[in-house]
Amino acid sequence: QEWFLGKEDDSVEAYGILYSPDHLEGDEDLFEMKTTRASYEKQAINERTGKRDKDLPKIKFDPMQHPHWIRRTRAYCAFENRHLAHISVYHILQRKMVVWTLEFTDEELDEGRRDAIDRRNVLDDHQKAGTLPGLEFRLADWECKYCPMLGAYCPGDGSTKEVEE
């Protein structure tokens, strides 16, 4: 990322939330860079055989399959009061970069701001109580794989142990 955009700026605070968009351009555009090992294009799966079929049209990568990217980018746009965002996705295995432009309405920015603040409030409440938020707080199941609390405090089944200080 630094190779393309230079050194990332320090985090900024809005509504008690630290955030750091990858790049701000002028007064309108916000850029986020992502990487993936997912292919830019892949063969569709034949519904009858359940296997990839080269006779079917290829399916292109869609960033909307990563709602956490969209949610975070929308929050950054809301905090910066910007309606345009560009998500650059570098497909590592194909060495290909593709950029998608998103345009958020005022209502979507308001929703993004409320969502981020609500998540902050839930985390603040749990931090004060010395507990972990429940599994319903996750954006997706894959988050558990990267969570430092898995095993130490959370057995991954929805129950949690008391967090020790």
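Residues numbered from 1 in each chain as written. Predicted model: local features only at pLDDT ≥ 70, side-chain atom pairs only at ≥ 80, totals over all residues. Heavy atoms only, no water.

### Quick look at the overall build of the chain
Scanning the chain for helices and strands turns up four helices and eight strands. From first element to last, N terminus to C terminus, the chain shows the α and β order α-β-β-β-β-β-β-α-β-β-α-α. Nonlocal contacts in the chain, meaning residues at least 24 apart in sequence, comprise 47% of its contacts between residues at least 6 apart. Total accessible area on the chain stands at roughly 11,400 Å², and carbon and sulfur atoms take up 48% of it. (Helix = DSSP H or I, 4+ residues; strand = E, 2+ residues; numbered from the N terminus. Contact = heavy atoms within 4.5 Å. Areas by Shrake-Rupley, 256 points an atom, 1.4 Å probe, with all protein chains shown as cover.)

### Some remarks on the packing of aromatic side chains
For the structure shown, the criterion picks out five aromatic pairs. Ring centres of F61 and W69 lie 6.1 Å apart, and the angle between their planes is 45°; on these two criteria the pair is classed as tilted. For the pair F61 and W69, a shared accessibility class is recorded, and that class is buried. Taking 5.8 Å as the distance between ring centres and 50° as the angle between the ring planes, the aromatic pair formed by F61 and W100 counts as tilted. (Phe/Tyr/Trp six-rings, centres within 6.5 Å; stacked < 30°, edge-to-face > 60°. Buried < 20%, exposed > 50% of the residue type's maximum accessible area, 1.4 Å probe, protein only.)

### Things to note about the pattern of salt bridges
Pairs may arise between side chains of opposite charge once their charged atoms sit close together. In this structure the tally under the stated criterion is eight salt bridges. Note that E41 is salt-bridged to K60, the shortest N-O span being 2.9 Å. Note that E41 is positioned in strand β5 (residues 41-43) and K60 in strand β6 (residues 58-60), a separation of 19 residues in sequence. Between R71 and D115 there is a salt bridge, with the nearest N and O atoms lying 2.5 Å from each other. (Salt bridge = Lys/Arg side-chain N within 4 Å of Asp/Glu carboxyl O.)

### Topic: the sheet that holds strand β8 (residues 96-103)
Within a beta sheet, neighbouring strands are joined by backbone hydrogen bonds and run either parallel or antiparallel to one another. The four strands are arranged β3-β4-β7-β8 in an open sheet whose pairing can be described as mixed. Taken across any chain shown, the strands that pair with only one partner, and hence form the sheet edges, are β3 (23-25) and β8. Going across the sheet, the axis of each strand differs from the next one's by a mean of 25°, ignoring polarity. Bridge count for strand β4 (residues 29-36) against strand β7 (residues 84-91) is eight bridges, and the pairing is parallel. Residue pairing across strands places E32 opposite I87, the latter belonging to β7. Of the strands in this sheet, β3, β4, β7 and β8 are in contact with helix α2 (residues 67-80), which crosses β4 at around 160°. (Pairing = 2+ DSSP bridges. Axes fitted to C-alpha atoms, helices over the stretch in contact; angles between N-to-C directions.)

### Considerations on the confidence of the model for the chain
Low-pLDDT stretches of the model should not have their predicted coordinates read in fine detail. Averaged over every residue, the pLDDT of the chain is 84; the share at 70 or more is 79%. Here helix α1 (residues 2-5) stands out as the element of the chain with the lowest mean pLDDT, 68, in contrast to α2, whose mean of 95 is the highest. (pLDDT = per-residue confidence, 0-100.)

### Description of the environment of E108
Inspection of the secondary structure puts E108 in helix α3 (residues 106-129). Taking the relative accessible area as the measure of exposure, E108 reaches 31% and is therefore partly exposed. Along the chain, E108 and A75 lie 33 residues apart, while their C-alpha atoms are 9.4 Å from each other. With residues up to four places along the chain from it excluded, the contact list for E108 reads R74 and E103.

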